[in-house]
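This is what each chain is made of:
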Amino acid sequence: MTSPDSLPSAADDSAADASAHGPATAPPPALLLVEDDALLSSTLCSVFSAEGLAVTHLADGAAALARLATHHDHGFALIVLDLNLPGASGLEILAALRQHDRQTPVLILTARGAIEDRVRGLDLGADDYLAKPFVLDELEARVRALLRRHATLQASQQASQQPAPSSGIAPRLTLGSLAFEPLNARFLLADAPLALPPREQRLLGCLIQHAGEPVDKARLTREAFGEEEAVGDNAIEVYVHRLRKRLEGSDVNLRTIRGLGYLLEQTTDGSA
């Protein structure tokens with residue numbers, strides 16, 4: 001007689017079926033949505049789930065802060081973060097996250113007129129933003145783009161690292177009154193230090209290396225940020241706008257060439 005303990009279990013049957021059908025597929029990317037608007041949250045959860053994402057929704061800022069500020073291995077591939085939340089603001093949550101996690105892409109949702117909040121969010125390390133009200137198609141496209149960049153980042157980190165070249169780094173790059181010292185990671189404008197936030201510095205560093213030629217947005221993103229983080233197109237546009245303001249009154253200009261990208265150039269009349 002066969003004892004009950006020797007009978008095959010449902011788990012055994014499931015394991016056998018999985019073995020017969022080959023290795024299990026990879027789990028879907030996990031997305032965290034932090035949004036307190038019930039109707040919008042319900043809609044976004046449905047949209048993201050239809051995109052094949054595993055969605056976790058939090059409506060309270062304090063809960064999100066506790067989840068992201070202390071969990072170094074939170075497991076999310078992307079965070080969609082509203083800024084106006086009960087319990088803790090989106091900016092507080094973002095600042096706490098970036099204390100220990102610089103890589104997980106964050107897309108912030110902001111009010112249409114809250115430009116200072118968008119800039120502050122980007123300075124704190126957000127990778128892209130979308131102003132409310134927004135078109136769902138655009139949100140989906142930005143989410144897909146950030147997930148692709150994050151997947152590329154993870155793949156590059158898992159690949160074997162090539163040794164850095166021991167030479168070939170220019171000690172100083174100059175364009176008019178603008179100078180960049182790569183070895184010291186320092187910019188000078190008219191011989192005075194030009195203090196820049198880290199992302200603006202990386203962006204300007206890429207542009208000065210290609211001074212005199214237009215650099216398209218994809219190449220600029222890849223070379224300036226590709227090894228560290230995913231950065232959205234909206235964020236790039238904000239950083240370019242701020243760099244233009246910083247260069248105003250100098251003999252260096254950052255110009256948009258329609259269809260080609262951004263061109264860092266020396267002006268002939270000594271003013272940008």
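Structure shown above.
Numbers given for residues are sequential positions, taken from 1 along each chain in its written order. Reporting of local features is limited, given that this is a predicted model, to residues whose pLDDT is at least 70; pairs of side-chain atoms are given and counted only at 80 or more, and all residues count toward the totals for whole chains, interfaces and linings. For side-chain calculations, the full set of non-hydrogen atoms in the structure is used, while hydrogens and water are omitted.

Side note on the environment of G176
No. 1: Structurally, G176 is set in the loop between strand 6 (173–175) and strand 7 (178–181).
No. 2: The class of G176 is partly exposed, set by a relative accessible area of 39%.
No. 3: Along the chain, G176 and A190 lie 14 residues apart, while their C-alpha atoms are 8.6 Å from each other.
No. 4: Any two residues having at least one pair of non-hydrogen atoms within 4.5 Å are treated as being in contact. Apart from residues lying up to four places away in sequence, G176 is in contact with D251 and Q266. Helix and strand definitions here come from DSSP, where helices need a minimum of 4 consecutive H or I residues and strands a minimum of 2 consecutive E residues; each element is numbered from the N-terminal end. Burial classes follow relative accessibility: with a 1.4 Å probe on protein chains only, a residue under 20% of its type's maximum area counts as buried, one over 50% as exposed, and anything between as partly exposed.

Looking at the nonpolar core
No. 1: Nonpolar cores were defined as sets of buried Ala, Val, Leu, Ile, Met, Phe, Trp, Tyr and Cys residues, with membership established by side-chain atoms within 4.5 Å. Counting 49 residues, the largest nonpolar core has L81, L178, L203, L207 and L264 as the members making the most contacts within it.
No. 2: A total of seven residues in this core trace back to one element, the largest contributor, which is helix 9 (residues 233–247).
No. 3: If sequence neighbours within four positions are ignored, L264 has contacts with L175, L178, L204, L207, I208, A211, G212, L247, V252, N253 and L254.
No. 4: Formed by 18 residues, the second largest nonpolar core is a distinct cluster that contains L53, L109, L130 and L147.

Examining the packing of helix 4 (residues 90–98) against helix 5 (residues 115–124)
No. 1: The axes are straight lines fitted to the C-alpha atoms, using for helices just the contacting stretch, and the angles between their N-to-C directions are given from 0 to 180°. Orientation of helix 4 relative to helix 5, taken along the N-to-C sense of each, is 10°, at an axis distance of 9 Å. Classified by the angle their axes make, helix 4 and helix 5 are roughly parallel. Our pair here, helix 4 against helix 5, has a crossing hand that is left-handed. For the pair formed by helix 4 and helix 5, the contact residues are L91, L94, A95 and R98 on the first element and D117, R120, G121 and L124 on the second.
No. 2: Classifying every residue of the contact of helix 4 with helix 5 by side-chain character gives four nonpolar, one polar and three charged. Oblique is the label for any angle not covered by the other classes, which are roughly parallel (under 35 degrees), roughly antiparallel (over 145) and roughly perpendicular (65 to 115). Crossing chirality is assigned from the near helix's rotation relative to the far helix, an anticlockwise turn below a right angle marking it left-handed and a clockwise turn marking it right-handed. Residue type decides the class: Asp, Glu, Lys and Arg count as charged, Ala, Val, Leu, Ile, Met, Phe, Trp, Tyr, Cys and Pro as nonpolar, and the leftover types, Gly among them, as polar.

Take it as geometry only, folks, not as evidence of what the structure does.
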